Amino acid sequence: MENNINISKEQYLAVAQKFGLTKRELELGFMKVSGFSNRRIAYMLGISEQTVKNHFTHIYEKAWVPGRKEFIELFISN
């Protein structure tokens, strides 16, 4: 794990639900802010790493952020 910011699921959802994410996107987003890599997320969910990357492309677009670092910062600043 690389980016653990120690956030509860309730705290995460309070911010993340504002972006209109699907249930799957909410799940992946929480895993990312919890510090899991794309490879680990793919393994845990039984999907390809490319599918994880595709989900994050959509997540970042919906959250209006350019990437992982800025996405995680949304939860640090709130």
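Residues numbered from 1 in each chain as written. Predicted model: local features only at pLDDT ≥ 70, side-chain atom pairs only at ≥ 80, totals over all residues. Heavy atoms only, no water.

## Brief notes about the overall build of the protein chain
Argument step 1. The helix and strand tally for the protein chain stands at five helices and zero strands.
Argument step 2. Secondary structure of the protein chain in N-to-C order comes out as α-α-α-α-α.
Argument step 3. Here the C-alpha atoms of the protein chain give a radius of gyration of 11 Å, agreeing with the 12 Å that 2.2 N^0.38 yields for 78 residues.
Argument step 4. In terms of overall dimensions, the protein chain has C-alpha extents of about 30 × 25 × 20 Å along its principal axes.
Argument step 5. Taking all 78 residues of the protein chain together, the buried fraction comes to 41%.
Argument step 6. Nonlocal contacts in the protein chain, meaning residues at least 24 apart in sequence, comprise 55% of its contacts between residues at least 6 apart.
Argument step 7. Taken as a whole, the protein chain presents about 4800 Å² of accessible surface, with 50% of it coming from carbon and sulfur.
Argument step 8. Looking at charge distribution, the protein chain has the averaged site of its 11 positive side-chain charges lying 3 Å from that of its 8 negative ones. (Helix = DSSP H or I, 4+ residues; strand = E, 2+ residues; numbered from the N terminus. Rg over C-alpha atoms; globule rule 2.2 N^0.38 Å. Buried < 20%, exposed > 50% of the residue type's maximum accessible area, 1.4 Å probe, protein only. Contact = heavy atoms within 4.5 Å. Areas by Shrake-Rupley, 256 points an atom, 1.4 Å probe, with all protein chains shown as cover. Lys, Arg positive; Asp, Glu negative; His and termini not counted. Charge placed at Lys NZ, Arg CZ, Asp CG, Glu CD.)

## Some details on helix α3 (residues 38-45)
Quick reminder: α-helices carry 3.6 residues per turn. Residues three or four places apart thus point the same way.
Argument step 1. Among all positions of α3, only Asn38, Ile41 and Ala42 are buried. Buried residues of α3, viewed axially, fall in a sector of 100°; they line one side. Exposed and oriented more than 90 degrees from the buried face of α3 are Arg39 and Tyr43.
Argument step 2. Along its buried surface, α3 packs onto α2 (23-33) and α4 (49-62).
Argument step 3. At the C-terminal side of α3, Gly46 shows a positive phi close to 70°. (Arc of directions from axis to C-beta.)

## Focus: the nonpolar core
Side chains of nonpolar character tend, in soluble globular proteins, to be buried together.
Argument step 1. In this structure, Tyr12, Val33, Ile41, Phe56, Ile59, Phe71 and Phe75 are the most contacted members of the largest nonpolar core, which totals 23 residues.
Argument step 2. Sorting the residues of this core by element identifies α1 (9-16), α2, α3, α4 and α5 (68-76) as the ones contributing at least two each. (Core = buried A, V, L, I, M, F, W, Y, C linked by side-chain atoms within 4.5 Å.)

## Let's talk about the packing of aromatic side chains
Argument step 1. Going through the model one piece at a time under the given rule, you end up with five aromatic pairs.
Argument step 2. Here Tyr60 and Phe71 contribute two aromatic rings whose centre-to-centre distance is 5.8 Å and whose plane-to-plane angle is 55°, an arrangement assigned as tilted. With Tyr60 in helix α4 and Phe71 in helix α5, this pair connects stretches of sequence that are 11 residues apart. Of the two residues examined, Tyr60 and Phe71, each falls in the buried class.
Argument step 3. Taken together, the ring pairs in this structure connect Tyr12, Phe30, Phe56, Tyr60, Phe71 and Phe75 into an aromatic cluster.
Argument step 4. Its end group placed over the ring of Phe56, Lys32 keeps NZ or CZ at 5.0 Å from the ring centre. (Phe/Tyr/Trp six-rings, centres within 6.5 Å; stacked < 30°, edge-to-face > 60°. Lys NZ or Arg CZ within 6 Å of the ring centre and 35° of its normal.)

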